[in-house]
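As a plain string of letters, each chain reads:
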Amino acid sequence: MPETFTSATNGLDDAPFRSRLSFDLDVDICVVGAGLAGLTVALEAARLGASVAVLEGRHVGWNASGHQLGTVMPGFGLPIGELIERVGLEDARELLALSKEGADYVRATATEEAMPGIALTEGALEVSNVDAGDTLISRLQTLSEDFATEVEGWQVDRVRDQLKTGRYFHGIHYPRAFQIDGRKYVHGLAALARRAGARIFEDTPVVSIDPSGIRKRIVTPSARLRASHIVLAGNVHLGATLPRLSETLLPVWRYAALTEPLGERLGEVIAFKGSVADSDGIDHFRIVDGDRLLWASPETTWEARPRRFGPAIQRRIATTFPQLGKVAISDVFGGAVGLTVHGMPQIGQLRKGLWVASGFGRHGLNTSAMAGQVIARSILWGEERWKLFSPFELVWAGGATGRVAGHLIGLWGRGHSAAAGALARYREGARARERVREARLAEANRQAGTRSPARSPAGPRPVRPKPPLPATAPDGGMSPAPSQESEIIRGGSV
Ligand SMILES: Cc1cc2nc3c(=O)[nH]c(=O)nc-3n(C[C@H](O)[C@H](O)[C@H](O)COP(=O)(O)OP(=O)(O)OC[C@H]3O[C@@H](n4cnc5c(N)ncnc54)[C@H](O)[C@@H]3O)c2cc1C
């Protein structure tokens, strides 16, 4: 693996201080799970003066938190329109403000002084796979007018000036979004939490809890703890600790690849320095180390070896930026994210002293930071902002059937959006060809009119515009795309 990623913990590695827990312990707060969520709770609670123990079954950042792309944006997995429908404009505003606080928290924490090599870069771009300027403009208005979010609308030309591909149309630029080295961040959080006084124990799975009573009991294979508060931040791997909670998350494994250095040609194709995500949530990429691509795309609802997805990511890159051809892949990695049925994270108190911070989905950096702060302050200061999340109850995710359904819906959504993208590109090509044809015809008519005006006293015959291509075929299915697009459509569902 390359420098930046092999040495992810450089300068931050306090692993020697994170041994397995082998003695009984009494603390104020016991946090289960050392991912982004658990570590932020631990850091904030320790800063506020609590005695904190973090119990991690594997090691810090073992799952998604140590394998993410580091893009920090405001907002949640649930689209803003649906959020308003669900809780009303006022609460939606407060929730979005909280999500921005989460992003600000990461910015303030991920400094070069605290986390050397964190490599913060500015700006993120959300691009549309279809020619949907109107939808985008209405989202821009909602975000900037109703939610005071700094956003810019980019026309197709501007998007394509920065990203040399015909696959993307309009874009929303978030100048205040940013990205960091995600792996360094999670290890940096662990180091900061430890320095603030939290104790982190790796290789220490929690096998059961008894949350009744004032002092709650936590059992691990080699020790027992007592704590006034337990924070469950185990995401999809919490398992038997609280099965009813685990069953409210749909695990989705997401995979990403890092390419070998691609040289100057990469900058010629991708000029944008921040991260790029398409509005269908399929591809998410950015340049790292100057000339490598970090690219996330495939997803499964079962655990698979990440290496398997290297070729699929190569194909996505080649389809989006054919100028790059088949790029060499240096590393493929992945982790499981926990999706909730309603799309919002699970943040709050399940019963007195038993807290949950999970379900952050694909949007975990800002939201887990926010959850960490909110829960630490609720426990230690009696704040009640976690109640904003109460409308989003714990909903059963459907068990094994839910996974199959989730997979099929994911495949359908991806296939559907790829088809819509192919159709939009086809229309764009057809419009351009039509313009050329009209110009040629007008020119021919003009010349014919000049040479023999007597034959055509009324001047050139007006060219009748062709009716636009229907969005759907008469039977209600998608219009057939031209043959060169069919590969792209198939490639859409990895
Ligand atoms: C490829 C990929 C790219 C991503 N890119 C981005 C991005 O750019 N921006 C963004 O915002 N988000 C991104 N995400 C999402 C983000 O990584 C997650 O939302 C976030 O890491 C979830 O953090 P967590 O702490 O809830 O869970 P986890 O990272 O899963 O941490 C939970 C920890 O709890 C431990 N645990 C579980 N049960 C127990 C137990 N019983 N006892 C002890 N320990 C236990 C686990 O071992 C694990 O280490 C990405 C995710 C992936 C996979």
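Residues numbered from 1 in each chain as written. Predicted model: local features only at pLDDT ≥ 70, side-chain atom pairs only at ≥ 80, totals over all residues. Heavy atoms only, no water.

### Quick word on helix H6 (residues 182-195)
Reasoning step 1: Compared with the 20 Å implied by 1.5 Å per residue over 14 residues, the 20 Å span of H6 between its first and last C-alpha is a close match.
Reasoning step 2: Taken across its 14 residues, H6 has twelve buried, putting it largely inside the fold.
Reasoning step 3: Regarding H6, the residues found buried are Gly182, Arg183, Lys184, Tyr185, Val186, His187, Gly188, Leu189, Ala190, Ala191, Leu192 and Ala193.
Reasoning step 4: By the N-cap criterion, in which a side-chain oxygen at the helix start approaches the backbone nitrogen of a residue two or three places on, H6 is capped by Asp181, the distance to Arg183 being 3.1 Å. (Helix = DSSP H or I, 4+ residues; strand = E, 2+ residues; numbered from the N terminus. Expected span 1.5 Å × (residues − 1). Buried < 20%, exposed > 50% of the residue type's maximum accessible area, 1.4 Å probe, protein only. Polar contact = N/O pair within 3.5 Å; in protein donor to acceptor, adjacent residues only side chain to side chain.)

### Remarks on a nonpolar patch on the surface
Reasoning step 1: Judged by side-chain polarity, Leu48, Leu380 and Trp381 come together as a nonpolar surface patch covering roughly 280 Å² of accessible area.
Reasoning step 2: Residue placement: Leu48 occurs in the loop between helix H2 (36-47) and strand E2 (52-55).
Reasoning step 3: Judged by its relative accessible area of 30%, Leu48 falls in the partly exposed class. (Patch = residues over 30% accessible without salt bridge, like charges linked within 9 Å, V, L, I, M, F, W, Y side chains within 5 Å. Areas by Shrake-Rupley, 256 points an atom, 1.4 Å probe, with all protein chains shown as cover. Salt bridge = Lys/Arg side-chain N within 4 Å of Asp/Glu carboxyl O.)

### Thoughts on the site of the ligand
Reasoning step 1: As a structural note, the neighbourhood of the ligand is formed by 38 residues, with Glu56, Asn63, Ser65, Gly361 and Leu365 the closest of them.
Reasoning step 2: Protein burial of the ligand: of its 1000 Å² of free accessible surface, 97% is covered by the chains.
Reasoning step 3: Counting residues per element, the ones that place at least two in the shell around the ligand are H2, strand E15 (329-339) and helix H10 (364-381).
Reasoning step 4: Taken together, the residues of the shell around the ligand break down into 15 nonpolar, 19 polar and four charged.
Reasoning step 5: Shared between two domains, the shell around the ligand takes at least three residues from each, and those domains are domain 1 (1-116 + 180-247 + 344-397) and domain 2 (121-177 + 250-339). (Near = heavy atom within 4 Å. Nonpolar A, V, L, I, M, F, W, Y, C, P; charged D, E, K, R; others polar. Domains from an automatic or database assignment.)

### Here we look at the confidence of the model for the chain
Reasoning step 1: Across the chain, the average pLDDT comes to 85, with 81% of residues at 70 or higher.
Reasoning step 2: Low confidence marks residues 1-7, where pLDDT is under 50. Its contacts with residues over four positions away, or in another chain, come to 17 contacts.
Reasoning step 3: Scored below 50 in pLDDT, residues 452-494 makes 43 contacts in the model with residues more than four places away or belonging to other chains. (pLDDT = per-residue confidence, 0-100. Contact = heavy atoms within 4.5 Å.)

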